[in-house]
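Descriptive analysis of the structure
Each chain, written out:
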Amino acid sequence: MIHLKQGDKVAVVSLSAGTLGESFCSHQLTRGIERLESFGLEVVFMPHTLKGIDFVKAHPNKRAEDLIAAFQDDSIKGIVCAIGGDDTFRIAPYILTEENKEIIRKHPKFFMGYSDTTINHLMLQQLGVPSYYGLSFLTCFAELGNGMLPYSEAAFKHLFTTDAFDYHASEVWYEERTDFSLAALGTERVKHQEVHGYELLQGESYFAGKLIGGCVESLYDLLVGERYPEEAMINQQYNLFPSESQLEGAILFLETSEEKPSPKHFKKMLELLKAHGLFKDINGLIFGKPQDEMYYEEYKAVLTEVLDESLPILYNVNIGHAYPKMLLQYGAHAEVDANEKRIKVARL
């Protein structure tokens, strides 16, 4: 079982955007280090993590080197992604070599991130290495308020145990910040009472299966190469999109990004994902709260319009880009009980 303990060394990697290395993030860098150290962890940065946006963008091979080095170093017990982005698919040719795949298999360890990191999770799934969707260095540990958001902090603390996760909806949700500058340090996020909780949109109230999923836009882009034409080609070459065997009998979790796609575009993405079999053999769908509750009702309508009415859908779950966030472990067995408004996830 992969878990953390005080004294463990965790590495921070920039596998997508190099934002963490920019000077305008220096106060967030300091805050994030302090927060991770407060859990009794030792924080290390891989050689290219803090090289900045331009360097990281131009050198996917160096991003891959950092990830492989972090896995190979047995003194490092966990890997935390700095932030998401939009082109981590470019590291696939460097990660998925026979030599590097063997390194990762022989040195499994805690790995965490979300958003564009969806693609990194799918790479690790191919290799049988479980990982956690949710929480990144910049958006969670470097939170500018006087503490981590309590719901997310509790999820992270759970990694220091071997107990199953037992989630209920957060009692509050938070708006995304518009100011991440030094002037915002010590200010709290705008907070709202949660009035919806988990919502069962359709299907049976209880469903179970192994977890797989990620960001809707990330999965869609793998198929169409909308941002980068070469992405679809790399997906085909390295089989990054979830396979039939991974999806059969699974619980799929999905969430939308900070781009807040329009309902029209959301429908287009869902229809394409459906056409590629993403929903065909799964036992149920967990869908995340939209960030800032943008298009909250509209997304519900699209989901029930596009997806087969027999597919159970639990909506408004605290995953992904909305705040606060939970952690979901890929490959772990999960049970959803909509009557009890509860998600229970075993540990691998």
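As named in an unreviewed UniProt entry, the chain is LD-carboxypeptidase, taken from Fundicoccus ignavus.

If you look at the biggest cluster of nonpolar residues, it comprises 115 residues, and the most contacted ones within it are F141, F156, Y167, F279 and L285. Two domains each put at least three residues into this core: domain 1 (9–164) and domain 2 (167–345). If sequence neighbours within four positions are ignored, F156 has contacts with L4, L36, F39, L41, F110, M112, L135, F141 and L327.

This brings us to unusual backbone geometry. Each neighbour pair has its own omega, and for Y323 with P324 the value is 0 degrees, a cis peptide bond. For P324, the position within the fold is in the loop between β13 (313–317) and β14 (328–329). Of note in the backbone geometry, Y295 takes a positive phi value of approximately 60 degrees without being a glycine. Along the chain, Y295 turns up in the loop between β12 (284–288) and α13 (296–306). Positive phi is not limited to glycine here, since N316 has a value of about 70 degrees.

Applying the stated rule across the entire model yields 19 aromatic pairs. On the basis of an interplanar angle of 15 degrees and a centroid distance of 6.2 Å, the ring pair of F39 and F160 is categorised as stacked. Separated by 121 residues along the polypeptide, F39 in the loop between α1 (26–38) and β2 (42–45) and F160 in the loop between α8 (150–157) and β6 (165–167) bring together distant segments of the chain. Its relative accessible area of 8% is what places F39 among the buried residues. According to the relative accessible area criterion, F160 is partly exposed, its value standing at 23%. With a centroid separation of 5.9 Å and an interplanar angle of 75 degrees, the aromatic rings of F45 and F137 are classed as edge-to-face. On the criterion of sequence distance, the pair formed by F45 in strand β2 and F137 in helix α7 (residues 137–141) is long-range, its members being 92 residues apart. Judged by relative accessible area, F137 falls into the buried class, the value being 0%.

Procedures and definitions
- Residues numbered from 1 in each chain as written.
- Predicted model: local features only at pLDDT ≥ 70, side-chain atom pairs only at ≥ 80, totals over all residues.
- Heavy atoms only, no water.
- Core = buried A, V, L, I, M, F, W, Y, C linked by side-chain atoms within 4.5 Å.
- Buried < 20%, exposed > 50% of the residue type's maximum accessible area, 1.4 Å probe, protein only.
- Domains from an automatic or database assignment.
- Contact = heavy atoms within 4.5 Å.
- Helix = DSSP H or I, 4+ residues; strand = E, 2+ residues; numbered from the N terminus.
- Phe/Tyr/Trp six-rings, centres within 6.5 Å; stacked < 30°, edge-to-face > 60°.

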